[in-house]
Amino acid sequence: MGGCVRDTLLGLAPHDWDVCTNAAPPKVMECFRGERVIETGLKHGTVTVVAGGKPVEVTTFRVDGAYSDHRRPDKVAFTASLREDLARRDFTINAMAMTPGGEIIDCFGGQNDLRAGLLRCVGSPAGRFEEDALRILRALRFASRFGLAIEGKTAAALLEKRGLLAYVAAERVLHELCGMRFGQVDPRFLPVLRTVIPELTGIQVPKNLAAEPTLQLAALLRGLDARAILTRLKASRALTERVALLAAAVGAPVQDSGVEIRRLLRDMGPEAAEQLLALQNNKTALQTLRGVLVRGECYSLKMLAVSGDDLAAQGLAGREIGEALEGLLDKVIGGTLANEREALLMALDDS
């Protein structure tokens, strides 16, 4: 049911399968007596059955009550009707089910919308977004991820109801942003993105940029205070620091030379350096970088043919050791000194 059916129709491998049934939770647990059953979310009709060592969530068909907080239903009621369960879904492409025999149950035209490349709400778009404001960002994520155009009434409601995003937790906002391909987001929806990132003035992200969240966010936030924005969105420290580093550096093109590439590797490390060159679409420099890595050229202190102990044995101590190592590394990176023990120690004596 839901996204797994959509992905199957698109020829994609589903991440997991959502299993739904007209059986109430007690009946589900009775059916799987002898198996390990975890009462994951009985209030919402979900139990997890561990079958063959793999957990499978089984959820009873349900209808939702009112959404007073614009995020989650105040209560749910179980139903025997699959159509009623599908009717509460966000978009038609997510409101399909598949029988064990492979028959598609599509009450709201999800297959036709997929074929037409459209993203459309089930029922009233304004009502869907008022129920759960997170669906506003989900619409942009699905449209950009699958290359869909947002249907007219759905698009109008996206813009009209964007203020409801104030009810969505920062962590949930970030999760949706991390799934978007910003270069595929229609510019007319910039006001929606500006509701959660007011600093944005435009969307200048290449359409062909890889979908990796770090790259997408760095391209979106280039020239902005990415660290402050991601801190506000409660991103992890690792993601915040990497995106901030890339967003600040992307506007300074890297020269395609071994020396410049080795300096870039020294300053950023291989993963961030590759990401930066990908952001800049600097294919020649990226090729040079990969050659430097394959050949094992020295770009960091740990790759030097001498260590702090070697310099201590030469009579250096304290800060002198660190400064000397940095000086040697700079000469090796610049190509004026070979990364060989004897040559490095000799250069040390000459300094």
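The model shown is predicted, which means the values in this text are computed figures rather than measured ones.

> Would you take a moment to explain the overall build of the chain for this structure?
Within the chain, the regular secondary structure consists of 18 helices and 10 strands. On C-alpha atoms alone, the chain measures out to a radius of gyration of 27 Å, which is more than a quarter above the 20 Å that the 2.2 N^0.38 rule sets for 351 residues. The buried share of the chain, reckoned over its 351 residues, is 44%. Element-wise, carbon and sulfur atoms account for 51% of the exposed surface of the chain, whose accessible area totals about 17800 Å². For the chain, the distance from the average position of its 44 positive side-chain charges to the average position of its 44 negative side-chain charges is 6 Å.

> Would you explain the nonpolar core in this entry?
Generally speaking, soluble globular proteins have nonpolar side chains that are buried together. Membership of the largest hydrophobic core comes to 74 residues, with the highest contact counts inside it found for Leu119, Leu177 and Leu221. Among the elements that line this core, the one with the most residues is helix α6 (residues 134-146), at eight residues. For Leu119, the contacting residues outside a window of four places in its chain are Phe91, Ile93, Ala139, Phe142, Ala143, Leu148, Ala149, Ile150, Glu151 and Thr154. With 17 residues, the next largest nonpolar core counts Val306, Leu316, Leu345 and Ala347 among its residues.

> Mind showing me how you'd approach the side chain of Arg88 here?
Mapped onto the elements of the fold, Arg88 is located in the loop between α3 (82-87) and β7 (96-98). Among the residues examined, Arg88 registers a relative accessible area of 14% and is labelled buried. In this structure the side chain of Arg88 is engaged in a polar contact, spanning 3.3 Å, whose partner is the backbone oxygen of Arg62. Among residues more than four places away in sequence, those in contact with Arg88 are Arg62, Val63, Asp64, Arg128 and Arg135.

> Just to check I follow, could you spell out the pattern of salt bridges for this structure?
When charged atoms on two side chains of opposite charge get close, those side chains can pair. Under the criterion given, the structure shown has 25 salt bridges. A salt bridge links Arg62 to Asp64; its shortest N-O distance comes to 3.4 Å. With a closest N to O distance of 3.0 Å, Arg128 and Glu131 form a salt bridge. Of this pair, Arg128 and Glu131 both sit in helix α5 (residues 125-131), three residues apart, roughly one helical turn. Shared partners join several salt bridges into a network, and the residues in it are Arg62, Asp64, Asp85, Arg88 and Arg89.

> Explanation requested: the packing of helix α12 (residues 237-249) against helix α14 (residues 270-279) in the structure shown.
Any two packed helices are characterised by how steeply their axes cross, that is the angle between the axes, and by the distance between the axes. Orientation of α12 relative to α14, taken along the N-to-C sense of each, is 45°, at an axis distance of 10 Å. Comparing their axes, α14 and α12 come out oblique. Where α12 crosses over α14, the two elements pack in a sense that is right-handed. Touching Arg242, Leu245, Leu246 and Ala249 of α12 are Glu271, Ala272, Gln275, Leu276 and Leu279, all from α14.

> Is there a simple way to explain the packing of aromatic side chains in this structure?
Here a ring pair, both rings aromatic, is described through the centre-centre distance and the interplanar angle of the planes. Using the criterion set out here, one finds two aromatic pairs in the structure. Both rings, one in Phe91 and one in Phe142, keep their centres 6.0 Å apart while their planes meet at 80°; by these two values the pair is edge-to-face. In this pair, Phe91 is assigned in the loop between α3 and β7 and Phe142 in helix α6, connecting sequence segments 51 residues apart. By relative accessible area, which is 3% here, Phe142 ends up buried.

> Sorry if this is basic, but what is going on with the sheet that holds strand β1 (residues 19-21) here?
The strands making up a sheet are joined through hydrogen bonds of the backbone, oriented either antiparallel or parallel. A sheet is described by the order of its strands in space; here four strands give the open sequence β1-β4-β3-β2, paired in mixed fashion. One side of each edge strand has no neighbouring strand; the edge strands of this open sheet are β1 and β2 (36-41). Here the average twist between neighbouring strands, direction ignored, is 30°. Across six bridges, strand β3 (residues 46-51) lies against strand β4 (residues 54-60) in antiparallel orientation. Note that in β4 the partner of Val50 across the bridge is Pro55.

> What is the right way to read unusual backbone geometry from this model?
The phi angle of most residues is negative, glycine excepted, and most peptide bonds adopt the trans form. Phi at His70 is positive, roughly 60°, even though this residue is not glycine. Here His70 shows up in the loop between β5 (62-64) and β6 (76-78). Positive phi outside glycine occurs at Asn281, with the angle close to 55°. Looking at where Asn281 falls in the secondary structure, it is placed in the loop between α14 and α15 (283-295). On the basis of relative accessibility, which here comes to 52%, the residue Asn281 falls in the exposed class.

Conventions and cut-offs
- Counting restarts for each chain, with residues numbered from 1 along the sequence as it is written.
- In view of the model being predicted, local features appear only for residues whose pLDDT reaches at least 70, and side-chain atom pairs are presented and counted only at 80 or more, with totals across whole chains, interfaces and linings using the full set of residues.
- With hydrogens and water set aside, each side-chain value is computed from the structure's full complement of heavy atoms.
- Secondary structure elements follow DSSP: runs of H or I no shorter than four residues count as helices, runs of E no shorter than two count as strands, and numbering proceeds from the N terminus.
- Both definitions apply: the radius of gyration is a C-alpha atom measure, and the globule rule equals 2.2 Å times residues to the power 0.38.
- Here's how the labels work: a residue is buried when its accessible area is under 20% of the maximum for its type, exposed when over 50%, partly exposed in between, all with a 1.4 Å probe on protein chains only.
- Residue exposure ignores everything except the shown protein chains as possible cover, and the areas themselves are Shrake-Rupley values with a 1.4 Å probe.
- Charged-residue counts in this description rest on Lys and Arg as positive and Asp and Glu as negative, His and the chain ends being excluded.
- Here the site of a charge means NZ on Lys, CZ on Arg, CG on Asp, or CD on Glu.
- Nine residue types can take part in a nonpolar core, namely buried Ala, Val, Leu, Ile, Met, Phe, Trp, Tyr and Cys, and a core is a set of them joined through side-chain atoms within 4.5 Å.
- Should any heavy atoms of two residues lie within 4.5 Å, those residues are counted as being in contact.
- Two N or O atoms count as a polar contact when they lie within 3.5 Å, although within protein this holds only if one can serve as hydrogen donor and the other as acceptor, and sequence-adjacent residues are included solely when both atoms are side-chain atoms.
- Any carboxyl oxygen of Asp or Glu within 4 Å of a side-chain nitrogen of Lys or Arg constitutes a salt bridge here.
- Each axis is a line fitted through C-alpha atoms, taken for helices only over the stretch in contact, and angles between the N-to-C directions span 0 to 180 degrees.
- When describing relative orientation, an angle under 35 degrees is termed roughly parallel and one over 145 degrees roughly antiparallel, while 65 to 115 degrees is termed roughly perpendicular and anything else oblique.
- Crossings are sorted by hand: turned counterclockwise from the far helix by less than a right angle, the near helix makes the crossing left-handed, and turned clockwise it makes it right-handed.
- Aromatic pairing here means that ring centres of Phe, Tyr or Trp (its six-membered ring) are within 6.5 Å. Orientation follows from the plane angle: under 30 degrees is stacked, over 60 is edge-to-face, and everything else is tilted.
- Pairing between strands is defined by DSSP: at least two bridges between them are needed.

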